[in-house]
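# Structure at a glance
Single-letter residue listing:
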Amino acid sequence: PYGCLEQTVSGAFPLLYAGEWADRLLPSDQAIGDMPGMVAHAISRVLSMQQENGGLALWPFMAKVDAESSIYAIHFLAEAKAAGYVVPEAAYEAALKWVRGGLDRAMAPDAAEEDWRRDMQMRAYSCLVLALAGRPDAGWNARLREQADRLDYATRALAASALVRSGEPRQAVALMDAMALPVPRSRTPGRLLDSDVRDAALLLSAWLDVDPDHPSVARLAQVLRDRQRDGHWGNTQ
């Protein structure tokens, strides 16, 4: 309700896919609003927060790039562009350049394990976004796959999705088959809104991309149903 970058994206992201089910779920005489217009407005608002380096701030009046919200927002832009929405080319290219720069950045060799895991999640997400944009990074895809045993749940799911979108479904399935159902845990504040709900949704999305009939699809969907409280999940992502 506040209009920051993360909430703007979370409000608009589902609308990219709403056309098919809105007509089925809502009575024909009930107005559902101008969904294309809402998405277009969200794209404009997101880009109003873009900085000179291509990253995005949390608010239009701020100048500091928020890395985790930026990658989420650029994911939205990539999906919106793929869905046929107009995303200004110069702004989009600048955003992808920022994503690419995150992969190229070196990490301190003495980084703590928690910091390393957080960094790997950002890199896996970057690989997914670049793959969605048609610019997969084979080197980082391979490195993430090799480090799978050290990665957290969400990072493995993101890495699997990146592999699927990069044209390597067999490698993705091998990674996903080794993942059990997520274990309920407390949400980690400020960390890409990490939670077991997001973990389940990320892996479910990966399976839907590669094999919608896989048994894990029904199991993960049930996990999400079980975690719902009063019609929502307490997590905008």
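See the structure shown above.
Here we summarise the structure given alongside this text. All residue numbers here refer to positions counted from 1 along the written sequence of the relevant chain. Totals for whole chains, interfaces and linings use every residue, but because this is a predicted model, local features are given only for residues with pLDDT of at least 70 and side-chain atom pairs only at 80 or more, for both listing and counting. The basis for the side-chain values is all heavy atoms of the structure; hydrogens and waters are excluded.

We call Phe, Tyr and Trp rings a pair once their centres come within 6.5 Å, taking the six-membered ring for Trp, and we label the pair stacked below 30 degrees between planes, edge-to-face above 60, and tilted otherwise. A complete count under the given rule lists three aromatic pairs for this structure. Consider the rings of Phe 13 and Phe 76, whose centres lie 5.5 Å apart with planes at 70°: the pair is edge-to-face. On the criterion of sequence distance, the pair formed by Phe 13 in the loop between α1 (5–12) and α2 (18–25) and Phe 76 in helix α4 (residues 67–82) is long-range, its members being 63 residues apart. Just as Phe 13 is buried, Phe 76 falls in that class too. On the numbers, 5.8 Å between centres and 15° between planes, the contact of Trp 59 with Phe 61 is stacked. Exposure classes here rest on a 1.4 Å probe applied to the protein chains alone. A residue is buried below 20% of its type maximum, exposed above 50%, and partly exposed in between. Accessibility expressed as a relative area gives 25% for Trp 59, which makes it partly exposed. Three or more aromatic residues link up through ring pairs in this structure, and these residues are Phe 13, Tyr 72 and Phe 76. In this scheme, the term charge over a ring applies when either NZ of a lysine or CZ of an arginine sits within 6 Å of the ring centre and within 35 degrees of the ring normal. For Arg 150, the ring lying beneath its charged end belongs to Trp 116, and the centroid distance is 3.7 Å. Only runs of H or I of at least four residues qualify as helices and only runs of E of at least two qualify as strands under DSSP, and these elements are numbered from the N terminus.

Let us now look at the nonpolar core. What tends to happen in soluble globular proteins is that the nonpolar side chains get buried as a cluster. Ranked by size, the top nonpolar core spans 70 residues in total, and within it Ile 43 and Phe 76 carry the most contacts. When residues of this core are assigned to their parent elements, the largest contribution, ten residues, is made by helix α6 (residues 113–132). Only buried residues count toward a nonpolar core, which is a set of Ala, Val, Leu, Ile, Met, Phe, Trp, Tyr and Cys residues joined through side-chain atoms within 4.5 Å.

Before going further, it helps to spend a moment on the pattern of salt bridges. When a carboxyl oxygen of Asp or Glu lies within 4 Å of a side-chain nitrogen of Lys or Arg, that pair is called a salt bridge. Across all of its chains, the model carries twelve salt bridges by this definition. In this structure, Glu 68 engages Arg 118 in a salt bridge whose closest nitrogen and oxygen atoms are separated by 2.8 Å. On the criterion of sequence distance, the pair formed by Glu 68 in helix α4 and Arg 118 in helix α6 is long-range, its members being 50 residues apart. Overall, Glu 68 belongs to the buried group, its relative accessible area being 13%.

We now examine the environment of Ala 218. Mapped onto the fold, Ala 218 is located in helix α11 (residues 215–227). Between the C-alpha atoms of Ala 218 and Gly 102, which are 116 residues apart in sequence, the distance is 35 Å.

Inspection of the secondary structure assignment puts Ile 74 in helix α4. Of the residues examined, Ile 74 reaches a relative accessible area of 0% and is grouped as buried. For the pair Ile 74 and Arg 135, spaced 61 residues apart in sequence, the C-alpha to C-alpha distance is 14 Å.

Quick look at the packing of α1 against α4 now. Every angle, taken between N-to-C directions, lies between 0 and 180 degrees, and every axis is a line fitted to C-alpha atoms, over only the stretch in contact when it is a helix. One way to put it is that α1 packs onto α4 with a least axis distance of 9 Å and a crossing angle of 30°. With respect to α4, the element α1 is oriented roughly parallel. The element α1 and its partner α4 pack so that their crossing is left-handed. Only Ser 69, Ser 70, Tyr 72, Ala 73 and Phe 76 of α4 make contact with α1, whose side of the interface consists of Leu 5, Glu 6, Val 9, Ser 10 and Ala 12. Side-chain classes are defined by residue name, with Ala, Val, Leu, Ile, Met, Phe, Trp, Tyr, Cys and Pro counting as nonpolar, Asp, Glu, Lys and Arg as charged, and the others, Gly among them, as polar. Here the contact of α1 with α4 is composed, by residue class, of six nonpolar, three polar and one charged. For this classification, under 35 degrees means roughly parallel, over 145 means roughly antiparallel, 65 to 115 means roughly perpendicular, and everything else is oblique. Handedness of a crossing follows from how the near helix is turned relative to the far one, being left-handed for an anticlockwise turn of less than a right angle and right-handed for a clockwise one. Should any heavy atoms of two residues lie within 4.5 Å, those residues are considered in contact.

The periodicity of an α-helix, 3.6 residues per turn, causes residues three or four positions apart to be oriented the same way. In this model, helix α5 (residues 89–104) (16 residues) spans 22 Å end to end at C-alpha, consistent with the 22 Å of a helix rising 1.5 Å per residue. Looking only at α5, the buried set comprises Ala 91, Tyr 92, Ala 95, Leu 96, Trp 98, Val 99 and Leu 103. Taken down its axis, α5 places every buried residue within 150° of arc, on the same side. Set apart from the buried face of α5 by more than 90 degrees, the exposed residues are Ala 90, Lys 97 and Asp 104. Expected span of a helix: the number of residues minus one, times 1.5 Å. Directions are taken from the helix axis to each C-beta atom, and the arc is the one they span.

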